[in-house]
Every structure is written in structure tokens, then in C-alpha cells.
Amino acid sequence: MSLAFSRCIGRVLPQYMTRRSLLVDGCHAAKNVFYVPAMTLRTTAPLRTEPKKKKKVDPKREQMMRERLKKKLKKLEKVPPELIPIEDFITPAKCMDEARTRSTPVISFEESERRALLLKEWSRYKQEQHMAEMKAVESALEAQREALEELRITSEELYQAALKPDFSLLPFTREGPAYTPPKSKYEAPDGKYNDTTRVYTQ
């Protein structure tokens, strides 16, 4: 039926449209803008296919998939976050190379005995020096305590003045605040440097 209808339109329509062409001063003018050639008409073949049916989703299977996803999410939540490594605490691989170990020099028996005796003598000397310093400090504190007791008996005012700290014993200088306030938008230059800090993403 569609084929016969298209043939009929193809025969009748060109004749009808050409009759309605405009004539100006007895001359044949341009054809009407609604002129449609018969060769441009096309008909599509009839579609006899059914629409695709939607697949039925098993509710049990969908529930199982949801439970699996929930279990995976719980496992991901239990995993602790990855900590950023501290490079200062990590020994470089080149320092752990056994080929870089230094060989211990060979020392004679006399030299090892001389070093051992020298170490003992040095430790004995440092012990005596420490004991002398501690004895001097104890004697100075004892003399100070006795002097303060005698000063307290003599005058209470002088005793209280002696207990106050003397800030002139140690030289200390400092600069006070500037006359002008600091600039709020001033950015101090850090100098030229290459930033090699690694950026870690969680």
C-alpha cells in the first residue's frame, strides 16, 4: 500500500505544483517555493518488531549484591589510614650496602695496652676534677648560708635586700618596640630555594 501511495503522489504532485508557477510579463518566472520534486519523497519500510522487554530483576539477587557492597564498605572502613612516612627515620639504601663498611685497622698489643691505660688515666682525672668542683660549690653554698644568717641577725632589711636577684651580674641587652607598627600585608622574602617536599594524598 505504501508503494502505491508513493507512486500516486509522485505522478500528481509535480503536475499540481508546476501549474501554480508565477508568470510575470508573459515570461515564465521562478517556480513556487513550495515546489517539491518527486524524487525527494521517500517512504520507510514498515516496522514489524516488538519493543524490547525489560529484564526482570530477581529481588533476592539484588539484595545479595547490596549486602556484598555493604560488606566491602565495612572492610574499607576498618582499614587504618596510610600514615605519611618520616624520611628522616628511614635509612637510605646506599648506607646499608655492606661494601661501604670500613675495615678496622690492625693495632699491635703494645698500642692497645697504651690506649687502655690512657683511657683509665683520663677517666681518673675527670673524676677528680668533678669531685673538686662539687666540693667548691658545696663550700660556697655553706659560706653563703652562714653569711645570710649573720646578716639577718644584724639587719632584716639588708637580709631581704640580699635575697633579691641581681640582674647586673649577667650582661643583657634588648631592643624595644619600633616607633612604627609592622606592615600587615608585608611578606618577608624566604630567599631562593628549590622545594623538594613530597606531597602525599590519602
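Bear in mind that the values here come from a model prediction, so they are computed numbers and not experimental data. Once a new chain begins, its residue numbering starts again from 1 and follows that chain's sequence as written. In keeping with the model being predicted, local features are shown solely for residues with a pLDDT of at least 70 and side-chain atom pairs are shown and tallied solely at 80 or more, while totals for entire chains, interfaces and linings include all residues. Note that water and hydrogens are dropped before the side-chain values are worked out from all heavy atoms of the structure.

Chemist: What should I look at first to understand the overall build of the protein in this one?
Modeler: The helix and strand tally for the protein stands at four helices and two strands. Secondary structure is summarised from DSSP: a helix means a run of H or I of at least four residues, a strand means a run of E of at least two, and numbering begins at the N terminus for each. Going from the N terminus to the C terminus, the protein shows its helices and strands as α-β-β-α-α-α. Contact definition: two residues touch when any of their heavy atoms are within 4.5 Å. Pairs at least 24 apart in sequence give 39% of the contacts found in the protein among residues at least 6 apart. The Shrake-Rupley method, run with a 1.4 Å probe sphere, supplies the accessible areas, and residue values consider only the shown protein chains as cover. Approximately 22200 Å² of the protein is accessible, and the part contributed by carbon and sulfur atoms is 59%.

Chemist: Any chance you could explain the packing of aromatic side chains here in plain terms?
Modeler: Each aromatic ring pair is characterised by the separation of its centres together with the angle its planes make. Centres within 6.5 Å make a pair out of two Phe, Tyr or Trp rings, where for Trp the six-membered ring is used; the pair is then stacked when the planes are under 30 degrees apart, edge-to-face when over 60, and tilted otherwise. Applying the stated criterion across every chain, the model contains one aromatic pair. Ring geometry for Trp122 against Tyr125: centres 5.8 Å apart, planes inclined by 40°, an arrangement best described as tilted. On the criterion of helical spacing, the pair formed by Trp122 and Tyr125 is a turn pair, its members being three residues apart in helix α3 (residues 109-154).

Chemist: Would you mind going over a positive patch on the surface with me for this structure?
Modeler: Residues Arg61, Arg68, Lys70, Lys71, Lys72, Lys74, Lys75 and Lys78 make up a contiguous surface patch of positive charge. On the secondary structure map, Arg61 appears in helix α2 (residues 59-78). Residue classification places Arg61 among the exposed residues on the basis of a relative accessible area of 61%. Within this analysis, patches are made of residues with over 30% relative accessible area and no salt bridge. Like charges are joined at 9 Å or less; nonpolar side chains (Val, Leu, Ile, Met, Phe, Trp, Tyr) at 5 Å or less. Salt bridge criterion: a side-chain nitrogen from Lys or Arg within 4 Å of a carboxyl oxygen from Asp or Glu. The convention is simple: Lys and Arg are positive, Asp and Glu are negative, and His and the chain ends are not counted. A charged residue contributes its charge at one atom only: NZ of Lys, CZ of Arg, CG of Asp or CD of Glu. Accessibility here uses a 1.4 Å probe with only protein chains present; expressed as a share of the type maximum, an area under 20% marks a residue as buried, one over 50% as exposed, and anything in between as partly exposed.

Chemist: Explain the pattern of salt bridges to me, please; I cannot follow it from the model alone.
Modeler: Opposite charge on two side chains makes pairing possible when the charged atoms of those side chains draw close. Taken as a whole and judged by the stated rule, the model has six salt bridges. Here Glu62 makes a salt bridge to Arg66, at a shortest N to O gap of 3.2 Å. Within this pair, Glu62 and its partner Arg66 are both found in helix α2, separated by four residues, close to a single helical turn. Overlapping salt bridges, with partners in common, bring together Glu111, Arg114 and Arg115 in one network.

Chemist: Help me understand the confidence of the model for the protein in this model?
Modeler: For any part of a model where pLDDT is low, the fine detail of the predicted coordinates should not be relied upon. Here pLDDT means the predictor's own confidence in every residue, given as a number from 0 to 100. This prediction gives the protein a mean pLDDT of 77; 74% of its residues lie at or above 70. Within the protein, the element-level pLDDT minimum falls on strand β1 (residues 23-24), averaging 41, and the maximum on α3, averaging 96. The low-confidence segment residues 15-33, where pLDDT is below 50, has 12 contacts with residues more than four positions distant or belonging to other chains.

Chemist: Any chance you could explain the packing of α3 against helix α4 (residues 156-163) here in plain terms?
Modeler: In helix packing, the relevant descriptors are the interaxial angle and the interaxial distance, both defined with respect to the helix axes. Between N-to-C directions, angles cover 0 to 180 degrees, with each direction set by a line fitted to C-alpha atoms, over the stretch in contact for helices. Running from N to C, α3 and α4 point in directions that differ by 145°, and their axes come no closer than 6 Å. In this structure, α3 uses Leu148, Leu151 and Arg152 to contact α4, whose residues at the interface are Glu156, Leu158, Tyr159, Ala162 and Leu163. Its residues assigned to classes, the contact of α3 with α4 comprises six nonpolar, no polar and two charged. The classification used treats Ala, Val, Leu, Ile, Met, Phe, Trp, Tyr, Cys and Pro as nonpolar, Asp, Glu, Lys and Arg as charged, and all other residues, Gly among them, as polar.

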